[in-house]
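# Commentary on secondary and tertiary structure
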Amino acid sequence: MRDLESSSETISDSRLYSCKIILVGLASTFDSHQIFITVFTDAYPTWHCLDHTICNPATSDICEIPRSAWDWDGGFKGKSVISEFDLECSSSYLRGLPTSAFYVGSIVGGVFMATIPDGFLGRKQLLFFTTSAMSFTGISIFFSSSIWSYVFLKFIIGFARSQTGTYMFNLISERVSTKWRPRATMIPFTLFVLGLMSLSGIAYLVRHASWRVLYLCTSVPAAIHSIFLYFFALESPRWLHVQGKNEEAIEVLKRISTANRGYLESVSSRLPPKEILEQAPSSSIKDLFIRKWAFRRIVVVMTIMLGLGMMYYGVPLAVRDIKVNIYLSEALNAMVELPTFVITPILLEKFNRRSSVLVNCLIGGALGVLCFVLTLFGRTNIAFALELGSFFCARIGFNLMAVYMIEMFPTCVRNFATTMLRQALVVGGACCPIIVSIGRNVPSLSFAVFGFAVSGLGLFALLLPETKGSSLCDTMEEQEQSDHALKTPQ
């Protein structure tokens, strides 16, 4: 497979190749819409008094005054899920239920899809199915009639998109060489952030319309994109090779670039035929659990990602407690992410993976705790700056771990391993709405929780091997040989 790795090196600068990566990476844009959309659709809307003799917006509790004494700003009940379904006086658990249902759906979907073998259908087909299911379910939310139907559809969206990032990231990373991997894998991450920024803009433009319109504006383009994926995206040549489809693998490389056909033909003649691959020792998901080194890596990675998930998904929700403009704060959080896609490749190329993850987690955790402390003293502006810093570190940590993960596990189990990484990230995110809701009585307490979590769990990076400079492997045996050659601790 080293020959195929070398062939990827010769075509990595192809314009068509870059377009194909962008087409696949756009799935992350629409994924980010569904992840963060509840920041706007499920926000607690503002209200005003109608009878000032018994009502004062600054001191009155909306649940202790008659409904006739107040009204929602603009007189529009459908601006938010909370106002439309009369949840203003419901428990914080019920108000946070749609968001939690989304994350629970992502967890359940991840567990279910994790049982799908890496050899089933292929990266492209699975990506198409997940993106199309996510988008069409999002469209159906426009017709939801109750909070319970809304919660159910949020669960289905979470279930459908649970592996979108996994299939997309593997489809891209398996088509590039070691040299270009840090940069190419940042493209979908960049598009993810641009999705969050565009979501803020779309939400602002439809702020006077029903919250349902926002789902429609984000889901319809996603459905169109899934159709383009089906017809124009290319399968991973590395996955095709592992399945014994060498001719199809070479054909994919030819379609990416027409300038190296002679070289690719020579590569095709050197690849082992399907018969030899079938005689080689087979690997399956159970190898991740029966091989001590693989199981340890999975557990450590999931532990680190749990902390990063709490900070990455929780900070945008908790920032409401700092009392800043919601549209501005979400846009700034998205803008803060953009520099991470320039910094992450530099860290990957200049420094060790393990130390980069460790230091980043410690810094991010410290910033989260300081944000909580400064909020208690009323230093809101500085606290918001620290919030942006903690979110910045959470994003870099996720970027680093994503590349780190694909280098630690071979192609035969990479989908499942990446699934476990994202599962831990989502579990962390699922805890966030409840933590943030509980912390409403103590402003920004959730920042301290997130800070201690990410710094404490980040220490587990010390147990991971170093993979800088390594090529992707295809079998468990090849991964073990590569680890031994690099003299990494098992």
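What you are looking at is a predicted structure, and each value in this text was computed from that prediction instead of being measured. (Residues numbered from 1 in each chain as written. Predicted model: local features only at pLDDT ≥ 70, side-chain atom pairs only at ≥ 80, totals over all residues. Heavy atoms only, no water.)

## Things to note about the overall build of the protein
In terms of regular secondary structure, the protein is built from 25 helices and 2 strands. Looking at the 490 residues of the protein, the share that counts as buried comes to 57%. Summarising the internal contacts of the protein: among those between residues at least 6 apart in sequence, 83% fall at separations of at least 24. Element-wise, carbon and sulfur atoms account for 66% of the exposed surface of the protein, whose accessible area totals about 19,400 Å². (Helix = DSSP H or I, 4+ residues; strand = E, 2+ residues; numbered from the N terminus. Buried < 20%, exposed > 50% of the residue type's maximum accessible area, 1.4 Å probe, protein only. Contact = heavy atoms within 4.5 Å. Areas by Shrake-Rupley, 256 points an atom, 1.4 Å probe, with all protein chains shown as cover.)

## Here's the deal with the environment of Leu 459
Note that Leu 459 resides in the loop between α24 (445-458) and α25 (476-485). Through-space distance from the C-alpha of Leu 459 to that of Leu 362 is 8.0 Å; in sequence the pair is 97 residues apart. If near-sequence neighbours (up to four positions away) are discounted, Leu 459 is found in contact with Leu 358 and Leu 362.

## Comments concerning unusual backbone geometry
Residues other than glycine seldom take positive phi values, yet Asp 86 does so here, at roughly 55°. Tracing the sequence through the fold places Asp 86 in the loop between α4 (81-84) and α5 (92-95). Since its relative accessible area comes to 44%, Asp 86 is described here as partly exposed.

## Describing the state of the cysteines
Applying the stated criterion across every chain yields a total of 2 disulfides. In this model Cys 49 forms its disulfide with Cys 55; the gap between the sulfur atoms is 1.8 Å. In this structure the cystine formed by Cys 49 and Cys 55 twists about its S-S bond by roughly -65°; its chirality is therefore left-handed. In this structure, Cys 49 and Cys 55 share a single accessibility class: buried. Taking only the cysteines that form disulfides and numbering them from first to last, the protein has the pattern 1-2, 3-4. Free of any disulfide, Cys 361 has its nearest neighbouring cysteine sulfur in Cys 393, separated by 8.7 Å. (Disulfide = S-S within 2.5 Å.)

## Topic: the pattern of salt bridges
Taken as a whole and judged by the stated rule, the model has 8 salt bridges. The partner of Arg 161 in a salt bridge is Asp 31, with the nearest N and O atoms 2.8 Å apart. One end of the pair, Arg 161, is in helix α8 (residues 147-161); the other, Asp 31, is in helix α2 (residues 15-36), and 130 residues separate them in sequence. Residues Arg 161 and Asp 31 agree in their burial class; the two are buried. Linked through salt bridges whose partners overlap, the residues forming this network are Arg 291, Glu 477 and Glu 480. (Salt bridge = Lys/Arg side-chain N within 4 Å of Asp/Glu carboxyl O.)

## A look at the side chain of Thr 166
Counting through the fold element by element, Thr 166 comes out in helix α9 (residues 164-173). A polar contact is formed between the side chain of Thr 166 and the side chain of Gln 163, at a distance of 3.1 Å. (Polar contact = N/O pair within 3.5 Å; in protein donor to acceptor, adjacent residues only side chain to side chain.)

## Quick word on the packing of aromatic side chains
What the rule picks out here adds up to 27 aromatic pairs. Seen in terms of ring centroids, Phe 36 and Phe 192 are 6.1 Å apart; in terms of plane orientation they differ by 70°. Their pairing is edge-to-face. In this pair, Phe 36 sits in helix α2 while Phe 192 sits in helix α11 (residues 186-205), placing the two residues 156 residues apart along the sequence. Accessibility classification places Phe 36 together with Phe 192 in one group, the buried group. Note on Tyr 230 and Phe 231: the rings are 5.1 Å apart at their centroids and 90° apart in plane angle, and the pair reads as edge-to-face. Looking at Tyr 230, the relative accessible area reads 38%, which means it is partly exposed. What makes Phe 231 exposed here is its relative accessible area of 55%. Site record: aromatic cluster; members linked through ring pairs are Phe 36, Phe 102, Tyr 103, Phe 169, Phe 189, Phe 192, Tyr 312, Tyr 313, Phe 341, Phe 391 and Phe 398. Its guanidinium or amino end placed over the ring of Tyr 230, Lys 124 lies 6.0 Å from that ring's centre, counting from NZ or CZ. Note that Arg 395 overlies the ring of Phe 189, its terminal NZ or CZ placed 4.7 Å from the centroid. (Phe/Tyr/Trp six-rings, centres within 6.5 Å; stacked < 30°, edge-to-face > 60°. Lys NZ or Arg CZ within 6 Å of the ring centre and 35° of its normal.)

## Some details on the packing of helix α21 (residues 353-376) against α24
To characterise two packed helices, one gives the angle between the axes of the helices and the distance between these axes. With their axes 7 Å apart at the nearest point, α21 and α24 run at an angle of 160° to one another. When the interaxial angle is binned, α21 and α24 end up roughly antiparallel. Our pair here, α21 against α24, has a crossing hand that is left-handed. Contacts from Leu 358, Cys 361, Leu 362, Gly 364, Gly 365, Gly 368, Val 369, Cys 371 and Phe 372 of α21 reach α24 at Leu 445, Phe 447, Ala 448, Gly 451, Phe 452, Val 454, Ser 455 and Gly 458. Residues of the contact of α21 with α24, tallied by class, amount to 11 nonpolar, 6 polar and no charged. (Axes fitted to C-alpha atoms, helices over the stretch in contact; angles between N-to-C directions. Parallel < 35°, antiparallel > 145°, perpendicular 65-115°, else oblique. Left-handed = near helix turned anticlockwise from the far one by under 90°. Nonpolar A, V, L, I, M, F, W, Y, C, P; charged D, E, K, R; others polar.)

## Quick word on the nonpolar core
Taken as a class, soluble globular proteins show a tendency for nonpolar side chains to be buried jointly. If you look at the biggest cluster of nonpolar residues, it comprises 98 residues, and the most contacted ones within it are Ile 304, Met 305, Met 401 and Phe 409. Not counting residues up to four positions away in its chain, the partners in contact with Met 305 are Phe 398, Met 401, Leu 421, Ala 424 and Leu 425. Listed in part, the 14 residues of the second largest apolar core include Ile 21, Met 113, Leu 126 and Leu 127. (Core = buried A, V, L, I, M, F, W, Y, C linked by side-chain atoms within 4.5 Å.)

## Thoughts on helix α22 (residues 380-408)
Each turn of an α-helix holds 3.6 residues, which means side chains three or four residues apart point in the same direction. Given a rise of 1.5 Å per residue, 29 residues ought to cover 42 Å, and the 41 Å separating the end C-alpha atoms of α22 matches this to within 8%. Most of α22 sits out of view: 24 of its 29 residues are buried. (Expected span 1.5 Å × (residues − 1).)

## Concerning the packing of helix α7 (residues 123-140) against α9
Taken N-terminus to C-terminus, the directions of α7 and α9 make an angle of 150°; their axes are 9 Å apart at the nearest point. Handedness of the α7/α9 crossing: left-handed. Between α7 and α9, the residues in contact are Arg 123, Lys 124, Leu 126, Leu 127, Thr 130 and Thr 131 and Thr 164, Tyr 167, Met 168, Asn 170 and Leu 171, respectively.

## Overview of the environment of Ile 343
Position of Ile 343 among the secondary structure elements: in helix α20 (residues 340-350). Using a relative accessible area of 31% as the deciding quantity, one classes Ile 343 as partly exposed. Sequence separation between Ile 343 and Asn 399 is 56 residues, and the spatial gap between their C-alpha atoms is 10.0 Å. When residues no more than four places from it in sequence are discounted, the contact partners of Ile 343 are Phe 392 and Ile 396.

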